[in-house]
Amino acid sequence: MNSTDTPPPLPRHRPLLDPAAEYGRWVRERPLTRISLWGDLHPWLVTRNEDARAVLSDARFSSENVRPGFPGLQPTPPPRTPGQLFAMDPPDHTRLRRMLIPEFTFRRVEQLRPAIRKITDELLDGLVKQQRPADLVEHFTLPLPLLVICELLGVPYADRDFIHRQAAAFATVSAGPEAMRAGWAALFGYLQELLAAKAGEPGDDLMSKLAAERVATGEATSAEAAGMLVQLLIAGHETTASMLSLGVVALLRHPDQLAALRADDGLVPGAVEELLRYLTVVHIGMRRIATEDVEVGGVTVRAGEGVVVALQAANRDPAVFADPDTLDITRDAGQHLAFGHGLHHCLGQSLARAELQIALPTLFRRLPELRATGPAEEFAFEGRAVHGVRELPVAW
């Protein structure tokens, strides 16, 4: 690229089950390349799996999205918001994240599996009573993770329409910064009110524990606690709902893989990892900014330069995954980065895995003749930070 050339834009659109075509070319030819975001902001795009891991585990790359030059989702830098773990560095990130870890350990999530199975069965009982075709998103893939995260946090599921509407507003990048901030602010205010109520009348849930054990003791402010809860509430259902919906589409379109999964329950954990790799629903990239000069993949990223880590490219890196554009539930997909890497790896990944491992095989066992009644591409999200479909009409 000549010095006078404008770097290519970050791809905004993608096919339903695959990354944008540019990523396949870049991961082979230009593992680190300049891209255009807003105006004259030209951060580096990281596409190789090895380089992605290096950036996401290097403390010289900051997550603070208020830093000048940060490659954010919008051209206007956001205000500093309490409790936004994804936009924080240590020591504050470490202090706040430690408060949440006990509720998301593997052991704690294993204790939740019976409740997840019960919710799954009850939702499927309701689905089969619907007139066909029925919307799988409305009746199954969205309410399942939303019910689970509401129960875990102590949020009334009766408020689900409000919660999902505001979460969707925050996740819709194309709506602009004001709409995104309004969605976050609405949930923030809502959860601050619930936190105050829990302080006086605690229950056996994460919000009550934060109110009684962290806010009341001065370890965290109510604003920090509410900010963390907003993030958990959004991430705890948006991503898993999309993974469930697209996972169903992917398996229906690969009948050999679905048949293998049905024939052997032992394939379920590996199948979930492969679907996470193959689909990579969080497709806007992990954003960082260098605080000093760092060499990545033979390229020097200067202090003050932004970096966008393309997870969907790293998860299709042929140096790590043979025939990466093929869905193969028998492969070892353990090197995928669907949950990120390093300090900011997804706190709820064990919960998401449990939901996927329970929901997908149960759905196909209960409804062995499940089929989509039309092309799911018609319902694909546009301009969303999490890739997926708003509807999925199915019959059986």
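See the structure above.
Cut-offs applied
- Residues numbered from 1 in each chain as written.
- Predicted model: local features only at pLDDT ≥ 70, side-chain atom pairs only at ≥ 80, totals over all residues.
- Heavy atoms only, no water.
- Pairing = 2+ DSSP bridges.
- Helix = DSSP H or I, 4+ residues; strand = E, 2+ residues; numbered from the N terminus.
- Salt bridge = Lys/Arg side-chain N within 4 Å of Asp/Glu carboxyl O.
- Buried < 20%, exposed > 50% of the residue type's maximum accessible area, 1.4 Å probe, protein only.
- Polar contact = N/O pair within 3.5 Å; in protein donor to acceptor, adjacent residues only side chain to side chain.
- Contact = heavy atoms within 4.5 Å.
- Axes fitted to C-alpha atoms, helices over the stretch in contact; angles between N-to-C directions.
- Parallel < 35°, antiparallel > 145°, perpendicular 65-115°, else oblique.
- Nonpolar A, V, L, I, M, F, W, Y, C, P; charged D, E, K, R; others polar.
- Core = buried A, V, L, I, M, F, W, Y, C linked by side-chain atoms within 4.5 Å.

**A look at the sheet that holds strand S9 (residues 371–372)**
Stage number 1. Judged by pairing direction, the sheet is antiparallel, and its three strands sit side by side in the order S4-S10-S9 without closing on themselves. Across the chains shown, the open sheet's two edge strands, defined by having one partner strand only, are strand S4 (134–135) and S9.
Stage number 2. Here S9 runs beside strand S10 (residues 393–395); their pairing, made up of two bridges, is antiparallel. Residue pairing for S10: Ala-372 is matched across the bridge by Val-394.

**A few points about the pattern of salt bridges**
Stage number 1. Summed over the entire model, instances satisfying the criterion amount to 21 salt bridges.
Stage number 2. Notably, a salt bridge pairs Arg-95 with Glu-224, separated by 2.7 Å at the nearest N-O pair. Note that Arg-95 is positioned in helix H3 (residues 92–100) and Glu-224 in helix H10 (residues 222–252), a separation of 129 residues in sequence.
Stage number 3. Between Glu-274 and Arg-277 there is a salt bridge; the shortest N-O distance is 2.8 Å. Of this pair, Glu-274 and Arg-277 both sit in helix H12 (residues 268–279), three residues apart, which is roughly one turn of that helix.

**Focus: the pairing of strand S5 (residues 286–290)**
Stage number 1. Of all five residues making up S5, five are buried, and the element is well covered by its neighbours.
Stage number 2. Burial of the side chains of S5 extends over both faces: Met-286, Arg-288 and Ala-290 are buried on one face and Arg-287 and Ile-289 on the other.
Stage number 3. Here strand S3 (residues 61–62) runs beside S5; their pairing, made up of two bridges, is antiparallel. Note on S5: the bridge partner recorded for Phe-61 is Ala-290.
Stage number 4. Relative to strand S8 (residues 306–309), S5 is paired through four bridges, and the arrangement is antiparallel. Looking at the pairing, Arg-287 lines up with Val-308 of S8.

**Details of the side chain of Thr-141**
Stage number 1. By the element assignment, Thr-141 lies in helix H5 (residues 136–141).
Stage number 2. There is a polar contact of 2.8 Å between the side chain of Thr-141 and the side chain of Ser-245.
Stage number 3. Those residues in contact with Thr-141 that lie beyond four places of it in its chain are Leu-136, Ala-241, Leu-244 and Ser-245.

**What to know about the packing of H12 against helix H14 (residues 349–366)**
Stage number 1. Two numbers describe how H12 lies on H14: the axes approach to 10 Å, and their chain directions differ by 110°. The angle between H12 and H14 falls in the class roughly perpendicular. Taking contact as the criterion, the partners of Val-268, Pro-269, Val-272, Glu-273, Leu-275 and Leu-276 in H12 are, on H14, Arg-353, Leu-356, Gln-357, Leu-360 and Pro-361.
Stage number 2. Here the contact of H12 with H14 is built from residues that sort into eight nonpolar, one polar and two charged.

**Notes on the environment of Val-137**
Stage number 1. Examined against the element boundaries, Val-137 turns out to sit in helix H5.
Stage number 2. In this structure the C-alpha to C-alpha distance between Val-137 and Ala-241, which are 104 residues apart in sequence, comes to 7.7 Å.
Stage number 3. Those residues in contact with Val-137, other than ones at most four positions away along the chain, are Leu-142, Pro-143, Ser-245, Val-389, Arg-390, Glu-391 and Leu-392.

**Brief notes about the nonpolar core**
Stage number 1. Core analysis: the largest hydrophobic core is formed by 93 residues, its most contacted members being Val-155, Leu-191, Leu-279, Leu-351 and Leu-392.
Stage number 2. Here this core gets 17 residues from one element, more than from any other, and that element is H10.
Stage number 3. For Leu-351, the residues in contact, after removing those within four places along its chain, are Phe-104, Val-109, Leu-112, Ile-116, Val-148, Ile-149 and Leu-152.
Stage number 4. Among the nonpolar cores identified, the runner-up in size contains 17 residues, and Val-46, Leu-56, Ala-290 and Val-296 belong to it.

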